[in-house]
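Here's the letter readout for the chains.
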Amino acid sequence: ANKSQSLCHIGNSNFIIRTTWTTGCKHQHQLNTQIESLPQMVGVVGLEIHAQIHSKSKLFSGSHVSFSDPPNSLVSHFDASLPGTLPVLNRRCVEAAVLTGLALNCTINKKSLFDRKHYFYADMPAGYQITQQRLPIAVNGTLSYSHFEGRKRNHVVTKSVKIKQIQLEQDSGKSLHDDERSQTLIDLNRAGVGLMELVMEPEMCCGEEAGAAVRELQLILQALGTCQANMAEGQLRVDANVSVHHPGEPLGVRTEVKNINSVRHLAKAIDYEIQRQMEVLQSGGTVLNETRAFDSKSGITIPMRDKEGLQDYRFMPEPNLPPLFVYESEASVPAGADSTQLVLIDRLSSQLPELPSVTRTRLVETYGILREHSFTLVNEDGLVDYFESVVKMTKTEPRKVIGWVMNELMGNLNLQNLKVSQSPVSPCALAEMINLVRSGHISSSTAKKVFQEMWKTPEKTVEQIVKEQDLWMINDKEELRQICQRIVDSHSEEVQIIRGGNKKVLNKLMGEIQKETKGKTNPLQVKAILEEMIF
Ligand SMILES: Nc1ncnc2c1ncn2[C@@H]1O[C@H](COP(=O)(O)OP(=O)(O)OP(=O)(O)O)[C@@H](O)[C@H]1O
Ligand SMILES: [Mg+2]
Ligand SMILES: [Mg+2]
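Model, not experiment: these values are computed from the prediction. (Residues numbered from 1 in each chain as written. Chains lettered and ligands numbered in written order. Predicted model: local features only at pLDDT ≥ 70, side-chain atom pairs only at ≥ 80, totals over all residues. Heavy atoms only, no water.)

Re the overall build of the protein chain
Definition in use: Put simply, DSSP marks the helices as runs of H or I at least four residues long and the strands as runs of E at least two long, and each gets a number from the N terminus on. With C-alpha atoms as the basis for the radius of gyration, the globule rule is written as 2.2 Å multiplied by the number of residues raised to the power 0.38. Each residue is assigned to one of three classes by its accessible area relative to the maximum for its type, calculated with a 1.4 Å probe on protein chains only: buried under 20%, partly exposed between the two thresholds, exposed over 50%. Note on areas: these come from Shrake-Rupley sampling with a 1.4 Å probe, and a residue is covered only by the protein chains present in the view. By the counting scheme adopted, Arg and Lys are positive, Glu and Asp are negative, and His together with the chain ends is not counted. The atom standing in for a charge is NZ when the residue is Lys, CZ when it is Arg, CG when it is Asp and CD when it is Glu.
Within the protein chain, the secondary structure is distributed over 18 helices and 16 strands. In summary, the protein chain has a C-alpha radius of gyration of 30 Å against a globular reference of 24 Å for 535 residues, an excess of more than 25%. C-alpha atoms of the protein chain, sized along the principal axes, occupy 95 × 65 × 60 Å. Buried positions account for 49% of the 535 residues belonging to the protein chain. Total accessible area on the protein chain stands at roughly 27,000 Å², and carbon and sulfur atoms take up 51% of it. Positive and negative charge centroids in the protein chain, built from 59 and 62 side chains respectively, lie 3 Å apart.

Rendered as structure tokens:
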């Protein structure tokens, strides 16, 4: 197996047990020894992703974009396809596509074209969708993504997938099926909302890779602000094209899996589909070029009624829209044109924010934190800012701050399914607590208790909590000596053992002191006093 194949593996362990085929994954080696004679097949995955453009108004009309308004309240004459209406291109949508293209290392086409793609669907009153079939706005990009391997899942593997193109197109309306009255109702609020369709090359091999790629894309789009990218809300819709073949041979027939509403489901759907196709071929059948739906309850894919091959989209140039031109810079704008109305690539380039991969590297280099922690920080909305504000407000090393953020903060947030912005403990309060540990006013074990109290009673200050619960560190030498003396006196057997050379038993005495003082002592200080008394 080549390198990329050997690094790839399927998340579903059932898969390995149930099938004699593999998908070019690291488990392959194991299986080869059992079934030497069988040829190996691998999975091939290519994603098509529809990303709803985050814009106030639609792609070709001034109607507002909102998903909480009453049905059919955001529909202009153009959105309803009334005769005589014409499209007017929304500059913000073009800028979003260019920004996204730049962030994904695409070549931006200075000239792109709009086409009509015909469907007959009730939620598309024009009978066609305006898209960019012949000449899309951006081409030839790449998306780098990482996932974790190894038993502890702490070995980062970085891969990349080519992006064939990004095209601008319209969203359709929504059909709402009312089973009780057996009727279908149409809501056109979504009709005409701008979409970016990203088409990836078929270069991935399993659900885990595809999942990691989509997660990275989500983070990039959110950093750019070009799409909110919530899959459950349909802002990012991923269709997975899946086939299997023998490496070195032409690609197999693909199926297209739809209805996937989370990254986890995407990975499951793909792995299921790879396995299904292998089993079909293994038992002498053929894979049909069809559209299938993922059913998240049962974890399987099922054929949808419309068959791909039967579709004839009757593509034709959109006669009501001229070619779309974007310009490199002010200098390339034609004489007399108002450059404030034009899309300039260099202006957008300068607006590109820090992208997630750059943020991660910066966090590792600036703060000396672990790479896997940089992934967690970037993954949670608002967590990088939270961490950096705490670091700014305390003199403690960032490597210690990250411990509190990962364990105490994230642990509690996850337990209650809260977002970072909903944390009852503010960065400022956490910094105050960490500062008390640093200055020796509370011990780190006490601090864990204090944090839990802060979580429960955010209205109280850290000092209030420490005072009320009497958690200040015992720093008084004489008081500490008395406590140590008591423990030494009541543990004469252990003391003998320690004197006999077994220093490990010292830990037991220290534990006793921790217990007696409810963790309010500095272990180093206690150790020094005990050693002084015993030796
Ligand atoms: N043999 C294959 N196995 C897996 N994926 C494939 C294979 N061949 C093509 N693909 C993927 O299928 C997708 C094709 O998308 P594209 O938009 O070009 O065409 P389409 O699916 O026919 O059109 P539509 O936009 O109507 O769905 C790409 O993401 C590509 O990577
Ligand atoms: Mg497509
Ligand atoms: Mg498709």
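A few points about the sheet that holds strand β4 (residues 115-118)
Which entries qualify depends on this criterion: Pairing between two strands is assigned when DSSP locates at least 2 bridges connecting them.
With antiparallel pairing, the 3 strands of this open sheet are ordered in space as β5-β4-β15. Unpaired on one side and paired on the other, β5 (128-131) and β15 (316-317) mark the two borders of the sheet. For β4 and β5, the ladder comprises 4 bridges, and the chain directions are antiparallel. Paired with Lys117 across the two strands is Gln129, which belongs to β5.

Considerations on helix α17 (residues 506-516)
Selection rule: The directions considered for the arc are those from the helix axis to the C-beta atoms.
Residues of α17 that are buried: Leu506, Leu509, Met510 and Ile513. Relative to the axis of α17, the buried residues are bounded by an arc of 100 degrees and lie together on one face. Opposite its buried face, α17 presents the exposed residues Asn507 and Lys515, each directed more than 90 degrees away.

Quick look at the pattern of salt bridges
Defined as follows: By salt bridge we mean one thing: a side-chain nitrogen of Lys or Arg within 4 Å of a carboxyl oxygen of Asp or Glu.
As enumerated under the stated definition, the model contains 29 salt bridges in all. Ionic pairing is found between Asp239 and Lys258, a salt bridge with its closest N-O pair at 3.0 Å. A residue pair is termed long-range when its members are at least 10 positions apart, and Asp239 in strand β11 (residues 236-245) and Lys258 in strand β12 (residues 255-258) qualify at 19 residues. Here Asp239 falls in the buried class, since its relative accessible area comes to 8%. Among the charged side chains, a salt-bridge network with shared partners connects Asp239, Arg254, Glu256 and Lys258.

Notes on the nonpolar core
We apply this condition: Residues enter a nonpolar core if they are buried and are Ala, Val, Leu, Ile, Met, Phe, Trp, Tyr or Cys, with the set joined through side-chain atoms within 4.5 Å. Note on definitions: a residue-residue contact is assigned when non-hydrogen atoms from the two residues lie within 4.5 Å.
Of all hydrophobic cores here, the largest spans 66 residues; its most connected members are Leu47, Val98 and Leu168. Every residue in contact with Leu47, bar those within four places of it in the chain, is listed here: Leu198, Val199, Met200, Met204, Ala210, Val214, Val238, Asp239, Ala240, Leu266 and Ile270. Core analysis: the second largest hydrophobic core is formed by 38 residues, Val378, Leu413, Ala447 and Val450 among them.

So, the coordination of the magnesium ion (ligand 3)
The line we're drawing: Here a donor is any nitrogen, oxygen or sulfur atom (N, O, S) within 2.8 Å of the metal, with 3.2 Å used for Na, K and Ca; water is not among the atoms considered, so some sites may look incomplete. Labels for metal geometry use angle windows, namely 85 to 135 degrees for all angles of a four-donor tetrahedral site, and for square planar (four donors) or octahedral (six donors) sites opposite donors over 155 degrees apart plus all others within 65 to 115; sites meeting none of these are irregular.
Within the protein, Glu48 (OE), Glu48 (OE), Glu256 (OE) and Glu256 (OE) serve as the donor atoms for the magnesium ion (ligand 3), at 2.1 to 2.6 Å. Angles of 50 to 154 degrees at the metal separate the 6 donor atoms of the magnesium ion (ligand 3), which places the site in the irregular class. Between the magnesium ion (ligand 3) and the magnesium ion (ligand 2), both coordinated by Glu48, there is a metal-metal distance of 4.0 Å. Note that Glu48 is positioned in strand β1 (residues 42-52) and Glu256 in strand β12, a separation of 208 residues in sequence.

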